[in-house]
Structure formats: C-alpha cells, structure tokens
Amino acid sequence: MVQSAVLGFPRIGPNRELKKATEAYWNGKTSAEDLLKVGKEIREQNWKLQKEAGVDIIASNDFSFYDQVLDLSVLFNVIPDRYTKYQLPQLDVLFAMGRGLQRKATGSEPAVDVTALEMVKWFDSNYHYVRPTFGKNLSFKLNGQKPVDEFLEAKALGIQTRPVLVGPVSYLYLGKADKDNLELDPISLLDQLLPLYTDILQKLAAAGATEVQLDEPTLVLDLPTNVQAAVKKAYTYFGQQANLPKITLASYFGTVVPNLESLKGLPVSGFHFDFVRAPEQFNDVVSAIGPNQTLSVGIVDGRNIWKNNFTKSSAFVQQAIAKLGADRVIVATSSSLLHTPVDLENESKLDAELKNYFSFATQKLGEVVTIAKNVSGQDVSAALQANSAAIAARSASSFINDQAVKDRVSSIDANMSTRAAPFPQRLAEQQPVFKLPLFPTTTIGSFPQTKDIRINRNKFNKGQLSAEEYEKFINSEIERVIRFQEEIDLDVLVHGEPERNDMVQYFGEQLKGYAFTTNGWVQSYGSRYVRPPIIVGDLSRPKAMSVKESVYAQSITKKHVKGMLTGPITCLRWSFPRDDIDQQTQAYQLALALRDEVNDLEAAGIKIIQVDEPAIREGLPLRAGTERSAYQVWAAEAFRVATSGVSNKTQIHSHFCYSDLDPNHIKALDADVVSIEFSKKDDANYIAEFKDYPNHIGLGLFDIHSPRVPSTEEFITKIEAILKTYPAEKFWVNPDCGLKTRGWDETRESLTHMVEAAKYFRKQY
Ligand code: GLN
Ligand code: ZN
C-alpha cells in the first residue's frame, strides 16, 4: 500500500481562531494561558482532521504562534541581546522579535522599546518569515523543546506524527548577520548548530518519533558551493549520530536538479520533492536516490486552490512506482498546505459550479489519500469519476473561455507597449502642464482607513446603506483627504482610496473572470492573513472601475490629483492564478483591462496616473536563467501595455515596495515617475544603484509601518544624504508606501514635516 503524506497544515484555525486569540493577548485582553489553550485546540483539531481523512503521515510542529522559522530561532537561542535584556517570558520574546514591542513602564516593570527583526518573503510566496539574525554574542543552546512537546501532545491523542523542522542549511542560509557582526557568513555556524539539531532529534526519537521531516527549500535556489557542501556535511553528520529518527529531507517550490550532487549518497531515509512546480526533475532525481531511499512525490499543490487531476497525478506516481516499487513511494502535498485556505466548506456564497473546481487544505487531505489508494489498486472509482467530471466541466466552462479576450491578447504588439515618445520628450511636454516645483511632494495613495470607513463599508455590503448614501459617504472622505492635502500644501494629491477594501480585491471584484471567497484566509505574516481572490477565467473589464472617485476628487481641487490603480503583475501575484494557462497570458489579460482603465481616466481629465506594482519583485523566478530573464521582459511589457495608451502629456507613476529592487528591472517599465520603499534601506550603496536611473524617482522617506513621527530635521538629514549621489532635478519627496494602516494624528505630523523639508531644499537649490 502506497502511503500518503501532508507536509504541514494551516495553523490559523477554520475561522481565524489564532488571529483572534493572538491579538486579544497582545492587547492585554486575555492571558498567555488562554492563548496557549487556543493553540492546543487548533493543533488537536488539525491532527484529528488529517487522521480521519486517512492521511498516513501527518506533520507535527507545523503549528506556530507567529512563524516556524522564528520558532527555531527561539529554540536554538538565536536571540539578539536587545530582546533578552528585559527578562520577558519566552512567548513575549518571540512576539517582540516578530513584531517589536513598545510598552510604558508600570509600577514594577521597566519600559520596553524594541523594534522587530527583519521580515522577508518566504521564497516566491506571499508568506513572510522572520529572518534569523546572528549577533555577536551568540550562544547556541536549546530553549525548551517545542517539537517534542507537540509530538507528545499528538501521541497522547493516539496520533503518531512526523515532526517537521526547517533543516540546518536552510535555517542558516535564510538568516543574516546582525549589524554588530557583519563579517559573519551564517553558513559558518553549521558546526555549532548541528549538535543542537542532534539533541532535539534524539529527544524526539526518545519520545517515540520514528521519522522527522527536515525542510530544505533552499535547495531550489542557486546555491554557492560552500552551501552545497554544507548540505552534504550536515546530513552526513546526522548519519553518524546514534539514536536519531529516520530523516526525510524535503524540498519544494522548484527543481533541486542543479544541487543534486550534494544530495547523492546522503544517509537519509528518503526525499520529498515538488513535482507540481517541477515535474521535469523526475528522471534526474529518481536516478540520484539510493537503492533503499523513499521518494515522497509532491503532487497535490500546496500553493494553489485547484482540484487535483487524479488521472494525471496517478499516472505520474505510477511512473515512480514502476522505477522504485510501491513501498518506496509516498503520495504527498507539494509543500506545506500553509499557503492555501483551510476549508472550502466554509464558503457558502461561492457559485456551486466554481466550488466544484476548487480544493482547499481540508479537501487536499482527501486528494492525497485518494491518489495513494488509487495507485495501490484500491477501488476509488466513484471519486475518480467525480474528479474527471469536474476537470472536464472546468475546461469547457463558460466562466473560463472568452474568445474576445484571447483575440485581444494575441493582438498585442510593440506599438501597444511603447509610449509615443521617449522620456526626455515626454518630460518636456509635461513640465508646462504641471509646473511642479523642485522636490515635488506627494503620497503613495491611501490615507488612514478609519473605523468609520470600515463600518460604512460593512453597512453598504450588508445592504444597510444605499448606493447613494455610500457614495455620499465616500465623497465626504475624499473631500476630507483633499482639503487636508491642500492645507499642508502637498503638490500632487491623491483621493485617499477610502472606497477600497484591498488594492487587488477592489479591482478583482469589478473584473470579469475573478472569484472571491468569504473565508479563504491565508497567513501572510504573524496575525496578518489575506484572502487572495481567484482568477478563474479569461479576464476583462465590463466597465470603468475607478474613474468616478478620481473625477470627483479632481473636481474639488485646482491641484493635480493622481488616478490610482493596481498593476497587472501585482493583481496576478496576490491572487490564486489559473493553472490551465501560463502566468504571462494572465498578466497580459490584466494589462489590457487596466489599459482601458488608464485610457478612461485620461479621457475623464486625470493627468497623472499611478499604477502600483509592489509585487513585481516577488514574481521573479527563484533561479537565474531563461525563465527569470523571460519574466523580466514580460512583466515589464505587461506594465507598459497597461500604461502606454496615453498621450505624452499624461504622467505615469508607479510604486514598488517590500523588497530590494533592481533599478534595471524598473527601468524597463518606463514610468515617468516611480516611488520606492526606502526608509529602512538608507544605505549609500543602495542609493548609488539608483543614481543612473533615467526617469524621476521618489525614495520613500519614512516608514509607514510605524506610528513614529520623524522630525523635519530628520527628513532634511535624510534628503541631504540622498542628494550626495542623487540629482535634485529628478527627486520626488514621498513616504515609503500608502498610509492606510496609520492614524490621522501621526499622518498629519509626518507629512507636515516632510513638506517643510522639501520647502527647505527648494530654497537651497
Ligand atoms: N496605492 C496603494 C496604497 O497607497 C499602494 C499600496 C502598496 O504598495 N502596498 O495603499
Ligand atoms: Zn507600497
């Protein structure tokens, strides 16, 4: 009998129980015990669910109160001094590292003020992990034994689990040296770390664990030779230790073939690879594994929500069985199911036809089990039939196919993706229209999304507010934001985005070809979850999406108001994409819909239009090579298709955040003005990289994730530093990103100081 395995299950609870409990704890409304209890309930529920679904290999230690990588940092005592000096309980240290902690002094306790560790995207997903940060005073030791405790917890319920830990090489390679320790290469810490892994693995074995899963997703990256060598060293070392459980070395999100040499001959009991993302690695990996090693075939997609194709997947697994024998093959999810919503059954509003095409984490349990049964020769004919019917219905569905959209995509040509004139000429035509001063000031788009806004939006969605009443409310919010910007004397205004629930969802809801969930939450970081919309079919725009609000805003002021849109790549990356056509085609479909919107805005008298692309960097393929270079070309082209239909006089802006950007990549978008997140990157090398950027650019001057208000002097110092390398005539003045998560008080103060600083420099130049 071929076994089934699940690499990890979402830990947020079916109704976001973890978010509610964690935030209540942070707000001091509940105790640590209450929070721990909720965690325990979620774990129990998840294990039982998997057991009942018939999954053979169930993960433990996939639960986390914040992030599984952060858990390891705490477990191994990789805790910079700034977090330990307050003598906080371990749970609070964990949260302080994840999200910072600011607390006033009370009678007995001193004040606490510590910022969070860096948060980074987990490979090419929208999950963020807390980066292990190796300071000078590092002393590795075990803090507690979370993996063992959770293993025992499951065992007490009668459920044997396979504990999962991020493996030593990925843990180190994903980390970085702390500011006080910059000469350190984290990989050099391997020798100190391996005994700790051994210790915890031995404890697991002693507790009854027969097998563990060590995740080494870095194997899908381009690894330097010393990191490849570290893989060999680490697992050879484990092979020499006594009393360890069997090890399955798991990798996912791509192919391991370029790093295959370092996996050959390792003394592990088996490997797990991702054949959803990289089926082409099959022959290479099968011939590389040893005669007694197992292969866990990741065939049920851990990153998307489409129903598995049982016939295709079974045939794939059969190939593996033919080569290795049934007892050496396991049917598995491609990665942890962390990246998928918990349960499709929670969706009561979803169209029944669409629902039949989807599979969320809970449904995926049944999928691995059914495929395992099928390839073992058990009778699952009813399930197979229903599955084939759903797959067939999906490909013929009227939701999906729209010939007009397909035709339009094939008509895209160079003309459509190029502005009429190059930037210098556009600039010459734009300057007399806008007459902007040097150091023009602007913001990125959103203003505080107050409780009042959320309440009114909810009322409108529930039908308690009529369309006219809601429009009136939104207009009053827009007016407030316009008057505020006039008052503090910003140069280019925005309408403030009060009508938008989310920058992707808002447009997705108005496009044909999108579907939405009511409860399809996925963890993005900590207690922040997102509900990605689903691209189900060919995409088109039935009518204008943002013109009304922009036109209203422009009608009540003499200053220029920017129209504000979300770009094609960001819409694509922050949705669940289709798996039946490539991402490039979906990006072009979005680009065409947005092109119509950009043109409509221009026709309605909006002269500056910003198309945000914060997700453009995360879409970059993980490895260098043809796929990556192709992405750079088509992602930029999609943006240009969206923005090149306007006249030279119309000014196109774009905005990027969340990651280190490559100026060359941005150059290819040919936006007239870009604004980028910058405030936490104020290092001279990074500024220098942008020195030769040909068009105009605003380097974000303050962190919008923090309520902290920078003084005018602070802005001046920052701008002065940038001006050492960066030409004044290209310099825009703006924050890092939108202000929607901020309060009004700090927004008013920060922006006022920012404008004062810009005026100071106008006098100097
Ligand atoms: N215009 C959006 C806003 O201001 C941009 C958000 C983003 O880049 N994440 O909120
Ligand atoms: Zn941003």
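This one's a predicted model, so the numbers in the text were calculated from it and none came from an experiment.

(A) Spatial organisation of the site of ligand 1. The full set close to ligand 1 counts 13 residues, and Ser446, Glu497, Asp612, His655 and Gly738 are the nearest of them. The separation between a nitrogen atom of ligand 1 and a polar main-chain atom of Ile444 is 3.2 Å. Ser446 places a side-chain nitrogen or oxygen 2.7 Å from an oxygen atom of ligand 1. With the chains in place, 97% of the 290 Å² that ligand 1 exposes on its own is no longer accessible. Classifying every residue of the shell around ligand 1 gives six nonpolar, four polar and three charged.

(B) The arrangement of the sheet that holds strand β24 (residues 696–699) in detail. What the seven strands build is an open sheet, ordered β15-β20-β21-β22-β23-β24-β25; its pairing is parallel. Taken across any chain shown, the strands that pair with only one partner, and hence form the sheet edges, are β15 (492–493) and β25 (731–732). Across four bridges, the pairing between strand β22 (residues 651–656) and strand β23 (residues 673–676) is parallel. Opposite Ser654, over in β23, you have Val674 as the bridge partner.

(C) Region of the structure containing the sheet that holds strand β2 (residues 57–60). Taken together, eight strands build a closed barrel; the order of strands is β1-β2-β8-β10-β11-β12-β13-β14 and the barrel is parallel. The sheet shows a mean angle of 30° between the axes of neighbouring strands, direction not considered. Here strand β11 (residues 246–250) runs beside strand β12 (residues 270–274); their pairing, made up of three bridges, is parallel. Among the inter-strand pairings, Leu249 is bridged to a residue of β12, identified as Phe271.

(D) Representation of the environment of Asn308 in the model. Considering the arrangement of structural elements, one finds Asn308 in the loop between β13 (294–300) and α11 (310–324). Given a relative accessible area of 8%, Asn308 falls into the buried group. With 56 residues separating them along the chain, Asn308 and Lys364 place their C-alpha atoms 8.1 Å apart. In this structure Asn308 touches Ile299, Val300, Ser313, Glu367, Ile371, Asn387 and Ile391, once residues within four positions along its chain are discounted. There is a polar contact of 3.0 Å between the side chain of Asn308 and the backbone oxygen of Ile299.

Calculation notes
- Each chain has its residues counted from 1, following the order in which its sequence is written.
- Each chain takes a letter, starting from A, and each ligand takes a number, starting from 1, following the order in which they are written.
- Local features in a predicted model are, by the rule used here, given only for residues with pLDDT of at least 70; side-chain atom pairs are given and counted only at 80 or more, and totals for whole chains, interfaces and linings are based on all residues.
- Water and hydrogen atoms were dropped before computing side-chain values, which therefore reflect all heavy atoms in the structure.
- Here a residue counts as near a molecule or strand whenever at least one of its heavy atoms sits within 4 Å of it.
- Distance and chemistry together define a polar contact, namely a pair of N or O atoms within 3.5 Å, with one atom able to donate a hydrogen and the other to accept it when in protein, and with adjacent residues in sequence counting only for side-chain atoms on both sides.
- Using the Shrake-Rupley algorithm and a 1.4 Å probe, accessible areas are obtained, with residue cover drawn only from the displayed protein chains.
- Classification used: nonpolar for Ala, Val, Leu, Ile, Met, Phe, Trp, Tyr, Cys and Pro, charged for Asp, Glu, Lys and Arg, polar for all others including Gly.
- Being paired, for any two strands, means DSSP has found at least two bridges between them.
- Strands are runs of DSSP state E lasting at least two residues, helices are runs of H or I lasting at least four, and both sets are numbered from the N terminus onward.
- The convention used is that axes are lines fitted to C-alpha atoms, helices contributing only their stretch in contact, and that angles between N-to-C directions extend from 0 to 180 degrees.
- Working definition: with a 1.4 Å probe on protein chains only, accessible area under 20% of the residue-type maximum means buried, over 50% means exposed, and in between means partly exposed.
- Contact definition: two residues touch when any of their heavy atoms are within 4.5 Å.

These figures capture arrangement, not role.
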